[in-house]
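# Structural features, examined
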Amino acid sequence: MNHPILDQIQDLRAGLAPGDTAPALVTALADGTAPRSTLAELAAQQHRIIRSDRRSLLLLASRCADRPVGAWFATMAEGESVALRTLPALAAAVGLDRGELETRPPLPGCQAYPHCLAWFALNGEPAAAAAAMVANFAAWGGYCGTIAQALRHHYGFSDEACAFFDFFAQPAPELEQQAADALGPDRLDEPTLATAREYGLLLQAYEHLFWDTLGVIDA
């Protein structure tokens, strides 16, 4: 029998489902037609995103340090640290050195997502933020899985160069179960669930904006 909060998260995910159409850039990468310059920009923008998201997650953890969900946010922050360590190999594969990876200017459309998460960290309801994040895992993970496969088959990337996407493409049922356990044995109340829906819609919209922004580079 499912955890009652897992059932609610699955309902949230169904309401946020992006449908059968992947972002145009993911489709272009899947068929090998996206330019390597787009991948370079993706790596640089993700470097900024991951560093920002890690700090936001640590702030969320500190805001609820006396509650189990605080430990879940801290676990998520550690995952961001792991992902950050994989980015130099991806950058090298697309011709970026460490300095370029760290200093390439931000693209506003790509940085809207981490700015939103930073707002959650400062002003949001932590339980609703956790539920919204978990509900969005599947779509992001699916895109990363598609890209990891495409980079090997069409671009000749090594396993090391694909490690960033491999990391996020891993199924996340354990993290989802941990989130449900941390949020409590009972179902989320309706106000928290309504806020989670609101947060989830924002995260989904800004993730789409990330892909759309990258998709017009060298188009």
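Preceding block: the structure.
The model shown is predicted, which means the values in this text are computed figures rather than measured ones. (Residues numbered from 1 in each chain as written. Predicted model: local features only at pLDDT ≥ 70, side-chain atom pairs only at ≥ 80, totals over all residues. Heavy atoms only, no water.)

## Some points on the overall build of the chain
Counting its regular elements, the chain contains ten helices and zero strands. Shown N-terminal to C-terminal, the secondary structure of the chain runs as helices and strands in the order α-α-α-α-α-α-α-α-α-α. A compact globule built from 219 residues should have a C-alpha radius of gyration of about 17 Å, and the chain, at 17 Å, falls within 12% of that. Referenced to the eigenvectors of the C-alpha coordinate spread, the extents of the chain come out at roughly 50 × 35 × 30 Å. Counting across all 219 residues of the chain, residues that qualify as buried make up 50%. (Helix = DSSP H or I, 4+ residues; strand = E, 2+ residues; numbered from the N terminus. Rg over C-alpha atoms; globule rule 2.2 N^0.38 Å. Buried < 20%, exposed > 50% of the residue type's maximum accessible area, 1.4 Å probe, protein only.)

## A short note on the packing of helix H3 (residues 36-63) against helix H10 (residues 190-215)
Remark: H3 packs on H10, axes separated minimally by 10 Å, with the N-to-C direction vectors making an angle of 145°. Remark: the crossing between H3 and H10 carries right-handed chirality. On the side of H3, the interface is formed by Thr38, Glu41, Leu42, Gln45, Gln46 and Ile49, while H10 contributes Phe210, Trp211 and Leu214. Looking at the contact of H3 with H10 residue by residue, the class counts come to five nonpolar, three polar and one charged. (Axes fitted to C-alpha atoms, helices over the stretch in contact; angles between N-to-C directions. Left-handed = near helix turned anticlockwise from the far one by under 90°. Contact = heavy atoms within 4.5 Å. Nonpolar A, V, L, I, M, F, W, Y, C, P; charged D, E, K, R; others polar.)

## Brief notes about the packing of helix H7 (residues 126-154) against helix H9 (residues 173-183)
Between H7 and H9, the least distance of the axes is 10 Å, while the angle of their chain directions is 160°. Looking at the two axes, H7 sits roughly antiparallel to H9. For H7 against H9, the interelement crossing comes out left-handed. From H7, Ala127, Ala130, Ala131, Val134 and Phe137 reach across to H9, where they touch Leu175, Glu176, Ala179 and Leu183. Residues of the contact of H7 with H9, tallied by class, amount to eight nonpolar, no polar and one charged. (Parallel < 35°, antiparallel > 145°, perpendicular 65-115°, else oblique.)

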